[in-house]
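Examination of the molecular architecture
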Amino acid sequence: MIRAWRATDAQVKRDALAFVVMAAAVLVALREWFGISGQAGDFIHHAAAGFVGIFSVVLPIILVAFSVELVRVRAGNSALPHRVAGCLGIVFSLTGLVHVSKGNPAFDSAQSIETAGGILGWFIARPLVLMLSSWGAAAILLLLFAYSILLATQTQVAQVPGLIRDLINRLSKKTKQEEEADP
């Protein structure tokens, strides 16, 4: 069985992982959105909220997006590594920022971790706050967030001013067109 799995095409392996991730997304959505109860529901909630804190309600969307990306990617020049690394950076920075904003709770109670940034938020924010204060940690986490967006979108820093200019031009054209349309 192990030999057969190793011989399996990489795309088939990604598809299998995509189905597992989609199943996890459905289970988390059932608990976080529709409140399934019981021991399984409690376990799913504590696992999701314990991992990413208050972001457990958007975790199903993130898992579905990751699953779709796994199915879409084909061998060759793929953006998957950039997107995964960028999305992980975004998740780490957001959970860390929430953890900092909730007062940097210690790891003494599961409820305080679940209502803040979860284990991920605690893992990244706690040491930063202890070393740099809340303001310093927030600044570092905001920089991580900005860089992670650039990484996920494969945008170079040198391209940002041009993209901002293009956005401003598009918005100003749209505003002028709207003003001309309204008599």
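Structural data are supplied above this passage.
Reference entry: report on the structure contained in this document.

Analysis parameters
- Residues numbered from 1 in each chain as written.
- Predicted model: local features only at pLDDT ≥ 70, side-chain atom pairs only at ≥ 80, totals over all residues.
- Heavy atoms only, no water.
- Helix = DSSP H or I, 4+ residues; strand = E, 2+ residues; numbered from the N terminus.
- Rg over C-alpha atoms; globule rule 2.2 N^0.38 Å.
- Buried < 20%, exposed > 50% of the residue type's maximum accessible area, 1.4 Å probe, protein only.
- Contact = heavy atoms within 4.5 Å.
- Lys, Arg positive; Asp, Glu negative; His and termini not counted.
- Charge placed at Lys NZ, Arg CZ, Asp CG, Glu CD.
- Patch = residues over 30% accessible without salt bridge, like charges linked within 9 Å, V, L, I, M, F, W, Y side chains within 5 Å.
- Areas by Shrake-Rupley, 256 points an atom, 1.4 Å probe, with all protein chains shown as cover.
- Salt bridge = Lys/Arg side-chain N within 4 Å of Asp/Glu carboxyl O.
- Expected span 1.5 Å × (residues − 1).
- Bend = angle between axes of the 7 residues up to and from the residue.

1. A look at the overall build of the protein chain
In terms of helices and strands, the protein chain carries eight helices and zero strands. The linear arrangement of helices and strands in the protein chain, starting from the amino end, is α-α-α-α-α-α-α-α. Compactness check: the protein chain gives a C-alpha radius of gyration of 21 Å against a globular reference of 16 Å for 183 residues, more than 25% above the reference. Its C-alpha atoms give the protein chain principal-axis dimensions of roughly 65 × 45 × 40 Å. The buried share of the protein chain, reckoned over its 183 residues, is 31%. Once local pairs closer than 6 in sequence are excluded, the contacts in the protein chain between residues at least 24 apart make up 63%. Across the protein chain, the centroid of the 15 positively charged side chains sits 10 Å from that of the 12 negatively charged ones.

2. Side note on the environment of Val160
Locating Val160 in the fold gives a position in helix α8 (residues 160-181). Sequence separation of Val160 and Leu150 is 10 residues, and the distance between their C-alpha atoms is 9.0 Å. Excluding its chain neighbours within four sequence positions, the residues that come into contact with Val160 are Leu150 and Thr155.

3. So, a nonpolar patch on the surface
A grouping of Val26, Leu27, Leu30, Trp33, Phe34, Ile36, Val57, Val58, Ile61 and Ile62 is seen on the molecular surface, where their side chains present a nonpolar patch of about 860 Å² in accessible area. If one sorts the elements of the nonpolar patch by residue count, helix α2 (residues 10-32) sits on top with three residues.

4. Let's talk about helix α7 (residues 118-152)
Spacing of three or four residues puts side chains on the same side of an α-helix, whose turn is 3.6 residues. Helix length check: α7 (35 residues) gives 23 Å between terminal C-alpha atoms against 51 Å at 1.5 Å per residue, more than 12% under. The largest bend along α7 measures about 120° and falls at Leu132. Just downstream of α7, Gln154 is the residue with a positive phi angle, here 55°.

5. Considerations on α2
With 23 residues, α2 extends 32 Å between its outermost C-alpha atoms, agreeing within 8% with the 33 Å of an ideal straight helix rising 1.5 Å per residue. Buried within α2 we find Gln11, Ala18, Val21, Ala25, Val28, Ala29, Arg31 and Glu32.

6. A look at the side chain of Thr95
Relative to the helices and strands, Thr95 resides in helix α5 (residues 80-101). Given the relative accessible area of 1%, Thr95 is considered buried. Thr95 has contacts with Val52, Phe55, Gly117, Leu120 and Gly121, leaving out every residue within four places of it along the chain.

Treat this as a map of the structure, not an account of what it does.
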